[in-house]
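Structural characterization, general
Listed below, chain by chain, are the residues.
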Amino acid sequence: MIRIEIIANQSVQDELVNNIENLLPDMLYTILPLATGKGKNSYKNGDTTWPETNFVLIAYADESIEKKISQIVRFVKLKFSTEGIKLFIMHDKK
């Protein structure tokens, strides 16, 4: 079992989710639609000074999809190279 976390600018949410649903139609996930904070290059606070916000996608899945989810995120990152898309995969300690 793995935990998948994807954090990205809200502007790429539809693209990312559509790719996941098309290529991994059985994958279940939760989206936290409004994530604020400080990234490597800027703040994402959703206010007038720092208007952008992120979203967080969280999923628990079988390890067999790890390569596929990595490929999907890599594809979207290539298409939107300045949107700070991050993928984190945590493995269950046995």
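Residues numbered from 1 in each chain as written. Predicted model: local features only at pLDDT ≥ 70, side-chain atom pairs only at ≥ 80, totals over all residues. Heavy atoms only, no water.

1. Notes on helix α2 (residues 66-79)
An ideal rise of 1.5 Å per residue puts 20 Å on 14 residues; α2 measures up with 20 Å between its terminal C-alpha atoms. For α2, the set of buried residues is I69, S70, I72, V73 and V76. Projection of α2 onto a plane perpendicular to its axis shows the buried side chains occupying an angular sector of 160 degrees, all on one side. Summarising the geometry of α2, the exposed residues directed more than 90 degrees from the buried face are K67 and L78. (Helix = DSSP H or I, 4+ residues; strand = E, 2+ residues; numbered from the N terminus. Expected span 1.5 Å × (residues − 1). Buried < 20%, exposed > 50% of the residue type's maximum accessible area, 1.4 Å probe, protein only. Arc of directions from axis to C-beta.)

2. So, the sheet that holds strand β5 (residues 54-61)
Taken in spatial order, the four strands line up as β2-β5-β1-β6 in an open sheet, and their pairing is antiparallel. Either end of the sheet is taken by a strand with one partner, and the two such strands are β2 (30-35) and β6 (86-91). Averaged over all pairs of adjacent strands, the angle between their axes in this sheet comes to 15 degrees, without regard to strand direction. Sheet contacts for helix α1 (residues 13-23): β1 (2-9), β2 and β5; angle to β5, the most-contacted strand, approximately 15 degrees. Across the face of the sheet, α2 comes into contact with β1 and β6 while running at roughly 170 degrees to β6. (Pairing = 2+ DSSP bridges. Axes fitted to C-alpha atoms, helices over the stretch in contact; angles between N-to-C directions. Contact = heavy atoms within 4.5 Å.)

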